[in-house]
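Coordinate inspection notes
The primary structure of each chain is shown beneath.
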Amino acid sequence: MLTHSPGLDNQHNTHNMIVNFKCGSCNHVYNFEIGTPVLDKSFKLAFEINPVCPGCGARDKELLTEMGQSILTMWQMGEI
Ligand SMILES: [Zn+2]
């Protein structure tokens with residue numbers, strides 16, 4: 001699944017990350033274990049496991065909360 005990153009100098013830890021999301025459909029706020037985040041070819045952040053809202057089951061509706069954003073920023077800076 002993560003075979004498309006040969007050029008990436010990945011110094012990050014590869015532990016499973018739990019990120020805080022808010023559902024864009026039902027506004028439910030939840031934590032989701034997204035596995036290891038990766039940067040795709042266009043340096044867009046992608047998740048190993050795509051979040052699914054536990055409230056309504058929506059996919060691809062997730063919004064990062066401030067808490068979710070800050071943990072991903074820390075990850076991108078190599079702090080975690
Ligand atoms: Zn939802």
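For the structure, check the block above.
Computed from a predicted structure; not experimentally measured. (Residues numbered from 1 in each chain as written. Predicted model: local features only at pLDDT ≥ 70, side-chain atom pairs only at ≥ 80, totals over all residues.)

1. Thoughts on the sheet that holds strand β1 (residues 17-23)
Spelled out, the test is: Whether two strands pair comes down to DSSP finding at least two bridges between them. To qualify as a helix, a DSSP run of H or I must reach at least 4 residues; to qualify as a strand, a run of E must reach at least 2; elements of each kind are numbered from the N terminus. Structural elements are reduced to axes, namely lines fitted to C-alpha atoms, with helices fitted over the stretch in contact, and the angle between N-to-C directions of any two is expressed from 0 to 180 degrees. Note on contacts: residues are paired as contacts if their backbone-placed C-beta atoms lie within 7 Å.
In space, the 3 strands of this open sheet follow the order β2-β1-β5, with antiparallel pairing throughout. Two strands bound the open sheet, and with one partner strand each, they are β2 (29-35) and β5 (62-64). The average undirected angle you get between the axes of adjacent strands in this sheet is 55°. Where β1 lies against β5, 3 bridges are found, and the strand directions are antiparallel. Each residue of the ladder has a partner; that of C23, found in β5, is E62. Running at roughly 145° to β1, helix α1 (residues 66-76) makes contact with β1 and β5 of the sheet.

2. Comments concerning the nonpolar core
Condition: A set of buried residues drawn from Ala, Val, Leu, Ile, Met, Phe, Trp, Tyr and Cys, joined through C-beta atoms within 7 Å, is what defines a nonpolar core. With C-beta atoms placed from the backbone, the exposure class of a residue follows from how many other C-beta atoms lie within 10 Å of its own: 20 or more, buried; 12 or fewer, exposed; in between, partly exposed.
Residues M17, V19, F21, C23, I34 and C53 constitute the largest nonpolar core, which totals 6 residues. Counting residues per element, this core draws most heavily on β1, at 4 residues. Ignoring anything within four residues of it in the chain, the contact list for F21 reads Y30, F32, P51, E62, L63, L64, T65 and G68.

3. Quick look at unusual backbone geometry
Despite not being glycine, N27 shows a phi value in the positive range, around 65°. Summarising the element assignment, N27 is placed in the loop between β1 and β2. The residue F43 is not glycine, and still its phi comes out positive at about 60°. Within the secondary structure, F43 is located in the loop between β3 (38-39) and β4 (45-46).

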